[in-house]
Amino acid sequence: MDVDMKDLKSEKLPPKPTYKQIQAYVLEKYGLKVSPLFIATLQDELGLEKQFSYEKEGMAAKNRPRCPKDKHDAIIEAFKHFKMIS
């Protein structure tokens, strides 16, 4: 079966939000300032692609910041808002 490439529709994925966009959303909706490290930590936990690399920064797992519960929940909500997770 031959497939004509013209017949295939390219599925356009939504652009990935930047850390600044996630930070702005959390600040506007919850009044919380979140660090890119918290965002990267949660992306790592969820297996999402990160813009920040702990390895490049030489930060061992035990030295990574722990995200407070209120900020954790707000960042998870931002991930849902930006359709990074369902």
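Quick note: structure is the one above.
Draft legend 1. Structural view of helix H1 (residues 19–30). The end-to-end C-alpha distance of H1, which contains 12 residues, comes to 16 Å, matching closely the 16 Å that a straight helix rising 1.5 Å per residue would cover. Within H1, the full set of buried residues consists of Tyr-19, Ile-22, Tyr-25 and Val-26. Mapping the buried residues of H1 onto a view down its axis gives an arc of 125°, with all of them on the same face. Projecting away from the buried face of H1 at angles above 90 degrees are the exposed residues Lys-20 and Glu-28. Buried residues along H1 sit against helix H2 (36–46) and helix H4 (69–81). Phi turns positive one or two residues past the end of H1, at Gly-31, with a value near 70°.

Draft legend 2. Spotlight on the environment of Val-26. Examined against the element boundaries, Val-26 turns out to sit in helix H1. Sequence-wise, Val-26 and Ile-76 are 50 residues apart; in three dimensions their C-alpha atoms are separated by 9.8 Å. Residues in contact with Val-26, not counting those within four places in the same chain, are Gly-31, Leu-32, Val-34, Ala-74, Ile-75 and Ala-78.

Draft legend 3. Region of interest: the packing of aromatic side chains. A full pass over the atoms with the stated rule returns 1 aromatic pair. Between Tyr-25 and Phe-82 the ring centres are 5.7 Å apart and the planes differ by 65°, which places this aromatic pair in the edge-to-face class. Linking Tyr-25 in helix H1 with Phe-82 in the segment after H4, this pair joins segments that are 57 residues apart in sequence. We classify Tyr-25 as buried; its relative accessible area is 15%.

Draft legend 4. Geometry of the nonpolar core. Core analysis: the largest hydrophobic core is formed by 17 residues, its most contacted members being Ile-22, Val-26, Ile-39, Leu-42, Ile-75 and Phe-79. Of all the secondary-structure elements, those providing two or more residues to this core are H1, H2 and H4. A total of 5 residues in this core trace back to one element, the largest contributor, which is H4. Not counting chain neighbours up to four residues away, the residues in contact with Phe-79 comprise Ile-22, Ile-39, Leu-42, Gln-43, Leu-46, Leu-48, Met-84 and Ile-85.

What counts and how
- Residues numbered from 1 in each chain as written.
- Predicted model: local features only at pLDDT ≥ 70, side-chain atom pairs only at ≥ 80, totals over all residues.
- Heavy atoms only, no water.
- Helix = DSSP H or I, 4+ residues; strand = E, 2+ residues; numbered from the N terminus.
- Expected span 1.5 Å × (residues − 1).
- Buried < 20%, exposed > 50% of the residue type's maximum accessible area, 1.4 Å probe, protein only.
- Arc of directions from axis to C-beta.
- Contact = heavy atoms within 4.5 Å.
- Phe/Tyr/Trp six-rings, centres within 6.5 Å; stacked < 30°, edge-to-face > 60°.
- Core = buried A, V, L, I, M, F, W, Y, C linked by side-chain atoms within 4.5 Å.

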